[in-house]
Amino acid sequence: MTANPNIDENFETPDFDEDELGEEQFVSTTAGRKRLFSKELRCMMYGFGDDKNPYTESVDLLEDLVIEFITEMTHKAMEIGRTGRVQVEDIIFLVRKDPRKYARVKDLLTMNEELKKARKAFDEIKYVGEYSIKHSLIISNSNFIFIISGNEAKIK
């Protein structure tokens, strides 16, 4: 392989190609299907040691494998349990014999529950704070009770 004299060896490659507006860019394939995971797969490939901008053919091949895996798992999940529906239990059932996949599914489900609880707690705190400001706030001291309601403040 000969070096191209027009390319500077110290030239840094730019970051991943993104649409200027920050929207997802879909690349059509020869089969007419749109590439849905190209950006994420490029980042994952770089994270696992590939070049910052891997070959498009490599990304396309990996995406084809991912789509095939997702499609097969979805079809299998639709056949077990309630026919025609995919439920979390069906996915767990399908990966139960693969320890790595099973552990990853369990981790993701646990993380999802923790995020739900954190969001709920945050929303409750936010709601209580908004409610007390809008309606009334009672501050008690050993000698005085301040009642703040709307724009009025009373001392009792």
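Heads up: these notes are all about the structure in this document. (Residues numbered from 1 in each chain as written. Predicted model: local features only at pLDDT ≥ 70, side-chain atom pairs only at ≥ 80, totals over all residues. Heavy atoms only, no water.)

### Some details on the overall build of the chain
Inference 1: Of the regular secondary structure elements, the chain holds four helices and three strands.
Inference 2: Beginning at the N terminus, the succession of helices and strands in the chain can be written as α-α-α-α-β-β-β.
Inference 3: Restricting to contacts in the chain with at least 6 residues of sequence separation, those with at least 24 account for 25%.
Inference 4: Only carbon and sulfur atoms are counted for the fraction: they give 57% of the accessible area of the chain, which is about 13,700 Å². (Helix = DSSP H or I, 4+ residues; strand = E, 2+ residues; numbered from the N terminus. Contact = heavy atoms within 4.5 Å. Areas by Shrake-Rupley, 256 points an atom, 1.4 Å probe, with all protein chains shown as cover.)

### Topic: the packing of helix α1 (residues 38-47) against helix α2 (residues 56-79)
Inference 1: Contact geometry for α1 and α2: axes closest at 10 Å, N-to-C directions at 110°. What the angle tells us is that α1 and α2 run roughly perpendicular. Listed contacts from α2 to Ser 38, Leu 41, Arg 42 and Met 45 of α1 are Thr 56, Ser 58, Val 59, Leu 62, Glu 63 and Val 66. (Axes fitted to C-alpha atoms, helices over the stretch in contact; angles between N-to-C directions. Parallel < 35°, antiparallel > 145°, perpendicular 65-115°, else oblique.)

### Topic: the packing of aromatic side chains
Inference 1: Enumeration over the complete set of coordinates arrives at zero aromatic pairs.
Inference 2: Lying over the aromatic face of Phe 93, Arg 96 brings its terminal NZ or CZ to 3.9 Å of the ring centre. (Phe/Tyr/Trp six-rings, centres within 6.5 Å; stacked < 30°, edge-to-face > 60°. Lys NZ or Arg CZ within 6 Å of the ring centre and 35° of its normal.)

### With respect to the environment of Thr 56
Inference 1: Turning to its location among the elements, Thr 56 is positioned in helix α2.
Inference 2: Look at Thr 56 and you get partly exposed, because its relative accessible area is 42%.
Inference 3: Taking the C-alpha atoms as reference points, Thr 56 and Arg 42, 14 residues apart in sequence, are found 9.0 Å from one another. (Buried < 20%, exposed > 50% of the residue type's maximum accessible area, 1.4 Å probe, protein only.)

### Some thoughts on the pattern of salt bridges
Inference 1: With the rule as written, the count across this model stands at five salt bridges.
Inference 2: One salt bridge connects Arg 35 with Glu 63, and the closest N-O pair in it is separated by 3.9 Å. Taken together, the residues Arg 35 in the segment before α1 and Glu 63 in helix α2 connect sequence positions 28 residues apart. Of the two residues, Arg 35 and Glu 63, both sit in the buried class. (Salt bridge = Lys/Arg side-chain N within 4 Å of Asp/Glu carboxyl O.)

### Focus on the packing of α2 against helix α3 (residues 88-95)
Inference 1: It is the contact of α2 with α3, at a shortest axis distance of 9 Å, that shows an interaxial angle of 110°. The angle between the axes of α2 and α3 places the two elements in the roughly perpendicular class. α2 and α3 meet at a crossing whose hand is right-handed. Where α2 approaches α3, its residues Met 73, Lys 76 and Ala 77 are matched on the opposing element by Asp 90, Ile 91, Leu 94 and Val 95.
Inference 2: For the contact of α2 with α3, the per-class residue count stands at five nonpolar, no polar and two charged. (Left-handed = near helix turned anticlockwise from the far one by under 90°. Nonpolar A, V, L, I, M, F, W, Y, C, P; charged D, E, K, R; others polar.)

### Re α2
Inference 1: Its 24 residues give α2 an end-to-end C-alpha distance of 35 Å, which sits within 8% of 34 Å, the value for a rise of 1.5 Å per residue.
Inference 2: Among the residues of α2, those classed as buried are Val 59, Glu 63, Ile 67, Met 73 and Ala 77.
Inference 3: Here the buried face of α2 lies against α1 and α3.
Inference 4: Just downstream of α2 lies Gly 81, where phi reads positive at about 65°. (Expected span 1.5 Å × (residues − 1).)

Shape is all these values report; function is a separate question.
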